[in-house]
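# Chains, contacts and geometry: an overview
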Amino acid sequence: MLKEIQNQIQAYSAQLIAVSKTKSNAQIMELYELGQRDFGENRVLELAEKYETLPKDIKWHFIGHLQTNKVKYLVPFVHLIHSVDRFKVLKEINKQALKEDKVINCLIQFHIAEESSKFGFDIQEAREMLESEAYQMMQNIRFVGVMGMGTFTDNMDQVRKEFQQLKSLFDELKINYFSTDDTFKEISMGMSGDYMLALEEGSTMVRIGTLLFGRR
Ligand SMILES: *Cc1c(COP(=O)(O)O)cnc(C)c1O
């Protein structure tokens, strides 16, 4: 399964994030032995435990809703935070990163789904953040792109529209705020049920759990 998915993703020059939440170290090591190095988790304490016990060349991606009081556990080792869904949490990431003398790579999470339960910015909130003095003073975070989750539905036309929306949000931010910034290039979208669609619509990172590890 891994090889097949990797080949599809490589054909689009995108990257596979293996979502290992709730899965054991032994299950993670099976994919590790096959060459997979990027893994995604959505709970800070579970992730910190796995980081402690698994090989140090794993790149850990945080993809869940992040509470400000947990940021300090993540900052020492996280590779990329996909789920910056409000300005407040970005401020905390910057503060903790300053203490650790690090620059943390982040994605702006947009709310593109119909469900109100999903977290994220809308375009107006994102503009306000990026134009604020508080943001412009931050030395210890780096935005490298955007992230979003489609609606949980069988209606693939709707999900495709949401992915197109995320792509155009990325394009707008790129033109207006990051045009000279080569590192702002990532669009994290697509999961087990919709990753082919996401790749067709310009995803650069797909986050896949169930297809790789089985159901949770
Ligand atoms: C769990 C999760 C995934 C993976 O979902 P699957 O359907 O198991 O592939 C992707 N992204 C986020 C944010 C998740 O929480």
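First things first, this report covers the structure right here in the doc. All values reported here derive from a predicted model rather than from experimental measurement. (Residues numbered from 1 in each chain as written. Predicted model: local features only at pLDDT ≥ 70, side-chain atom pairs only at ≥ 80, totals over all residues. Heavy atoms only, no water.)

## Comments concerning the overall build of the protein chain
Worth spelling out the cut-off: Helix numbers and strand numbers start at the N terminus; a helix is a DSSP run of H or I with at least 4 residues, a strand a run of E with at least 2. What the globule rule says is 2.2 Å times the number of residues to the power 0.38, and the radius of gyration is computed from C-alpha atoms. Buried residues are those whose accessible area, probed at 1.4 Å on protein chains only, stays under 20% of the maximum for their type, while exposed residues exceed 50% and partly exposed ones sit between those limits. Contacts are residue-level and defined by heavy atoms, with any inter-residue pair within 4.5 Å sufficient. Surface accessibility in these figures is a Shrake-Rupley result with a 1.4 Å probe; residues are shielded only by whichever protein chains are displayed.
Across its full length, the protein chain holds 10 helices and eight strands. What you see for the protein chain is a C-alpha radius of gyration of 17 Å, in line with the 17 Å of a compact globule of 216 residues. Along the first, second and third principal axes, the C-alpha atoms of the protein chain reach 45 × 40 × 30 Å. Classification of the 216 residues of the protein chain by burial places 50% in the buried group. The long-range fraction of contacts in the protein chain, counting pairs at least 24 apart against all pairs at least 6 apart in sequence, stands at 57%. Working note: accessible area of the protein chain is about 10,700 Å², and carbon and sulfur atoms make up 48% of it.

## With respect to unusual backbone geometry
Its identity as a non-glycine residue notwithstanding, S13 has a phi of 55°, on the positive side. Relative to the elements of secondary structure, S13 occurs in the loop between helix 1 (2-11) and strand 1 (15-19). Classification of S13 as exposed rests on a relative accessible area of 65%. Even without a glycine there, the phi angle at T22 is positive, about 70°.

## What to know about the site of the ligand
The cut-off we apply is this: Only heavy atoms are used to decide nearness, and a residue is near a molecule or strand if one of them lies within 4 Å of it. Two N or O atoms form a polar contact when they lie within 3.5 Å of each other; inside protein one atom must be a possible hydrogen donor and the other a possible acceptor, and for residues adjacent in sequence the pair counts only when both atoms belong to side chains. Here the term charged refers only to Asp, Glu, Lys and Arg, the term nonpolar to Ala, Val, Leu, Ile, Met, Phe, Trp, Tyr, Cys and Pro, and the term polar to all other amino acids, Gly among them.
Neighbouring the ligand are V19, K21, I63, M147, M149, M191, S192, R207, I208, G209, T210 and R216. In this structure, an oxygen atom belonging to the ligand sits 2.7 Å away from a side-chain N or O atom of K21. Contact distances for the ligand include 2.5 Å between an oxygen atom and a side-chain N or O atom of S192. Within the complex, 90% of the 390 Å² of free accessible area of the ligand lies under protein. Here the residues of the shell around the ligand are counted per class, giving six nonpolar, three polar and three charged.

## Some points on the pairing of strand 3 (residues 59-62)
What counts here: The rule for pairing is simple: two strands pair if DSSP sees at least two bridges between them. Convention used here: a crossover is right-handed provided that the path from the first strand, over the helix, to the second strand proceeds clockwise when the strands point away from the viewer.
Pairing analysis gives four bridges linking strand 2 (residues 38-41) to strand 3, with the strands arranged parallel. Across the sheet, the residue bridging to F39 is W60, located in strand 3. Of the crossover connections in this fold, the one passing from strand 2 over helix 3 (residues 44-53) to the parallel strand 3 is right-handed.

## Brief notes about the nonpolar core
Our working definition: Nine residue types can take part in a nonpolar core, namely buried Ala, Val, Leu, Ile, Met, Phe, Trp, Tyr and Cys, and a core is a set of them joined through side-chain atoms within 4.5 Å.
Counting 61 residues, the largest nonpolar core has L90, I93, F110, Y135 and F143 as its most contacted members. Top element by residues in this core is helix 8 (residues 156-177). It accounts for six residues. Within the second largest apolar cluster, six residues are counted, among which are I17, L107, M147 and M205.

## Considering the pattern of salt bridges
Just so we agree on the cut-off: Should a side-chain nitrogen of Lys or Arg be within 4 Å of a carboxyl oxygen of Asp or Glu, the pair is scored as a salt bridge.
Counting across every chain of the model gives 10 salt bridges. The closest approach of N and O atoms between K167 and D171, which form a salt bridge, is 3.0 Å. Of this pair, K167 and D171 are both found in helix 8, four residues apart, which corresponds to roughly one turn of the helix. Salt bridges sharing common partners tie together E41, E46 and K50.

## Here's the deal with the side chain of E92
Its place among the elements puts E92 in helix 5 (residues 87-100). What E92 contacts, discounting residues up to four positions off in sequence, is T68 and V71.

## Comments concerning the environment of T53
Mapped onto the fold, T53 is located in helix 3. C-alpha separation for the pair T53 and S168, spaced 115 residues apart in sequence, amounts to 40 Å. Within polar-contact distance, the side chain of T53 engages the backbone oxygen of E49 at 2.9 Å.

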